[in-house]
Structures are given as structure tokens and as C-alpha cells.
Amino acid sequence: MTREASRRGGPGEQAVLLVAGLADVALGTLGSALGVVRGLARRSDAAELVSEAERDLTARGRLVLDRYAAAPPAHLEILARHALARRVGESG
């Protein structure tokens with residue numbers, strides 16, 4: 001049995017370790033993000049960067065809404081199109 005296997009506890013201990021690991025990753029990422037924000041704040045074109053980021057996020061939001069919020073075509077409409085296509089195919 002390896003040392004790691006012998007140190008494994010029950011499900012509760014595993015959950016705590018998992019949460020602690022995720023928190024460590026989140027804090028590391030947050031620290032990196034804060035460093036980037038500090039660097040951007042020192043730039044002279046920060047206002048332009050913020051404006052560009054806002055336009056980019058707005059465009060992305062519009063794409064997401066178009067992708068997921070669009071209602072699928074009505075079932076009867078699809079059936080009517082199939083029937084029309086079949087009639088055109090039979091008469092042609």
C-alpha cells in the first residue's frame with residue numbers, strides 16, 4: 001500500500017481536501033488576475049482597453065443569447081414544410 005493510499009480518509013475528508021484544492025487554485029488564479037489588472041491600470045490607454053473589452057463582452061453576450069435563447073421552429077411548421085416539399089417532389 002502506498003503512502004498516499006494509506007493517508008486517504010473517508011468521503012468527508014476527501015470532500016474537504018477537494019474543496020481545499022479548488023480554493024487554492026481559485027486563489028492562485030485570482031492573484032494572477034489582480035496582477036494583470038494592476039498592470040492594466042498603469043497603462044495610458046486603459047480607458048480604450050476597457051471600452052474595447054466592453055464591446056467584446058457585449059458581442060459575446062449577443063452571440064450566446066442568439067444561440068441559446070432562440071426558440072426552435074414550431075413542430076407543425078416543420079411538418080408543413082416537409083409536406084410541401086413532398087408535394088413539390090411528387091409533382092415535379
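The rules we used
Residues numbered from 1 in each chain as written. Predicted model: local features only at pLDDT ≥ 70, side-chain atom pairs only at ≥ 80, totals over all residues. Heavy atoms only, no water. pLDDT = per-residue confidence, 0-100. Helix = DSSP H or I, 4+ residues; strand = E, 2+ residues; numbered from the N terminus. Patch = residues over 30% accessible without salt bridge, like charges linked within 9 Å, V, L, I, M, F, W, Y side chains within 5 Å. Areas by Shrake-Rupley, 256 points an atom, 1.4 Å probe, with all protein chains shown as cover. Salt bridge = Lys/Arg side-chain N within 4 Å of Asp/Glu carboxyl O. Buried < 20%, exposed > 50% of the residue type's maximum accessible area, 1.4 Å probe, protein only.

Draft legend 1. Region of interest: the confidence of the model for the protein. Chain-level statistics for the protein give a pLDDT mean of 83 and a share of 90% at 70 or above. Helix H4 (residues 75-91) holds the highest mean pLDDT among the elements of the protein, 89, whereas helix H1 (residues 3-7) holds the lowest, 52.

Draft legend 2. Inspection of a nonpolar patch on the surface at higher detail. Together, Leu 27, Leu 30 and Leu 34 make up an exposed nonpolar region whose accessible area comes to about 300 Å². Residue Leu 34 is classed as partly exposed on the basis of its relative accessible area of 42%.

Draft legend 3. A look at the pattern of salt bridges. Summed over the entire model, instances satisfying the criterion amount to 2 salt bridges. Between Asp 56 and Arg 60 there is a salt bridge whose closest N-O contact spans 3.4 Å. You can see Asp 56 and its partner Arg 60 sitting in helix H3 (residues 46-68), 4 residues apart, about one turn around the helix. In this structure Asp 56 comes out as partly exposed when scored by relative accessible area, which is 41%. Across the salt bridge formed by Glu 77 and Arg 81, the nearest N and O atoms sit 3.2 Å from each other. You can see Glu 77 and its partner Arg 81 sitting in helix H4, 4 residues apart, about one turn around the helix.

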